[in-house]
Amino acid sequence: DAGVTQSPTHLIKTRGQHVTLRCSPISGHKSVSWYQQVLGQGPQFIFQYYEKEERGRGNFPDRFSARQFPNYSSELNVNALLLGDSALYLCASSFRLGAVSSYEQYFGPGTRLTVT
Amino acid sequence: AQSVAQPEDQVNVAEGNPLTVKCTYSVSGNPYLFWYVQYPNRGLQFLLKYITGDNLVKGSYGFEAEFNKSQTSFHLKKPSALVSDSALYFCAVRPHNSGGYQKVTFGTGTKLQVIP
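These notes cover the structure that comes with them.

## Considering the overall build of chain A
Check the secondary structure of chain A and you find zero helices and 13 strands. Computed over C-alpha atoms, the radius of gyration of chain A comes to 14 Å, within 12% of the 13 Å expected from 2.2 N^0.38 for 116 residues, which places it in the range of a compact globule. With respect to the principal axes defined by its C-alpha atoms, chain A has extents near 45 × 25 × 25 Å. Looking at chain A as a whole, 51% of its 116 residues qualify as buried. At a minimum sequence separation of 6, the contacts of chain A that also span at least 24 residues come to 53%. Carbon and sulfur atoms provide 50% of the accessible area of chain A, an area that totals close to 5,500 Å². Between the centroid of the 11 positive side chains of chain A and the centroid of its 8 negative side chains there is a distance of 6 Å.

Following this line, the structure appears as structure tokens:
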């Protein structure tokens, strides 16, 4: 089975621009989470989506938004890019059926965003 | 608020020797605890988890971790280190009462260097 896929792999943008990152979860996984990993730090939680609804949000400004599609894929959008948004953006999927969660997450390879 | 501390930025160990990577956590209520590994330019890979039950959990590639509630610790261990274990290791925590949703907090990571 294919793992979590993300596109693009790398991206270079200019300050003030907008960016869209994409994620396809593992087949059968209904929950997608987004993380920002700045060099030298651990991943920071941005969003979780389940069944197309936002279920959790981390301490990120409103410039960050996301959505989940009927096929459970997801997009992360960042507006008005700042130099500090340069990071590796990770997508993770997990499976939730009723009250039973697969507690661990499965991560994609990430999108390396550089803002100049 | 929940938090994870990984007190060592780097751990060096000789190949064949036992290794320990330390993690302490703070969370309201009972925790779900995880270890992930990250190889260069890759996403995170799940190693093991503590949900409930036996305090010693076994995971992938011969790794294990011991949950110690009184010390709020979840140290990662392996009896005999391999050069291929060299990577960045992240400890993560999520509270039991998060409604099944992935409000996961990661530590800052520990770089493990196994010396041949």
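## Points about the pattern of salt bridges
Close approach of charged atoms allows side chains of opposite charge to pair. The tally for this structure, following the rule as stated, stands at 10 salt bridges over all chains. Salt-bridge contacts for A:Arg63 lead to A:Asp85; the nearest nitrogen and oxygen are separated by 2.8 Å. One end of the pair, A:Arg63, is in the loop between β6 (53–57) and β7 (64–68); the other, A:Asp85, is in the loop between β8 (74–78) and β9 (87–94), with 22 residues separating them in the sequence. Both residues of the pair, A:Arg63 and A:Asp85, count as buried. Across the pair B:Glu64 and B:Lys58 runs a salt bridge, and its minimum N-O distance is 2.9 Å. Given a relative accessible area of 64%, B:Lys58 falls into the exposed group. Put simply, A:Arg22, A:Arg67 and A:Glu75 are held in one network by salt bridges that share partners.

## Examining the environment of B:Thr52
All names here are of chain B. In this structure, Thr-52 sits in the loop between β6 (44–50) and β7 (56–58). Of the residues examined, Thr-52 reaches a relative accessible area of 62% and is grouped as exposed. Once the C-alpha coordinates of Thr-52 and His-96 are considered, the two residues, 44 residues apart in sequence, prove to be 10.0 Å apart.

## Digging into the interface of chain B and chain A
Each partner contributes to the interface: chain B provides 21 residues, whereas chain A provides 23 residues. When the two sides are added together, the surface that chain B and chain A hide from each other amounts to roughly 1,800 Å², 54% of it contributed by carbon and sulfur. Between the two partners, chain B and chain A, sit one salt bridge. For the pair chain B and chain A, the number of links is three residue pairs in polar contact (both at pLDDT 80 or more). Going through the elements one at a time, β5 (31–38), β6 and β10 (87–95) of chain B are the ones with two or more residues in the side of chain B that touches chain A. The element best represented in the side of chain B that touches chain A is β5(B), accounting for four residues. Residues belonging to the side of chain B that touches chain A are distributed by class as follows: 10 nonpolar, seven polar and four charged.

What counts as what
- Residues numbered from 1 in each chain as written.
- Chains lettered and ligands numbered in written order.
- Predicted model: local features only at pLDDT ≥ 70, side-chain atom pairs only at ≥ 80, totals over all residues.
- Heavy atoms only, no water.
- Helix = DSSP H or I, 4+ residues; strand = E, 2+ residues; numbered from the N terminus.
- Rg over C-alpha atoms; globule rule 2.2 N^0.38 Å.
- Buried < 20%, exposed > 50% of the residue type's maximum accessible area, 1.4 Å probe, protein only.
- Contact = heavy atoms within 4.5 Å.
- Areas by Shrake-Rupley, 256 points an atom, 1.4 Å probe, with all protein chains shown as cover.
- Lys, Arg positive; Asp, Glu negative; His and termini not counted.
- Charge placed at Lys NZ, Arg CZ, Asp CG, Glu CD.
- Salt bridge = Lys/Arg side-chain N within 4 Å of Asp/Glu carboxyl O.
- Buried area = accessible area lost by both parts, 1.4 Å probe.
- Polar contact = N/O pair within 3.5 Å; in protein donor to acceptor, adjacent residues only side chain to side chain.
- Nonpolar A, V, L, I, M, F, W, Y, C, P; charged D, E, K, R; others polar.

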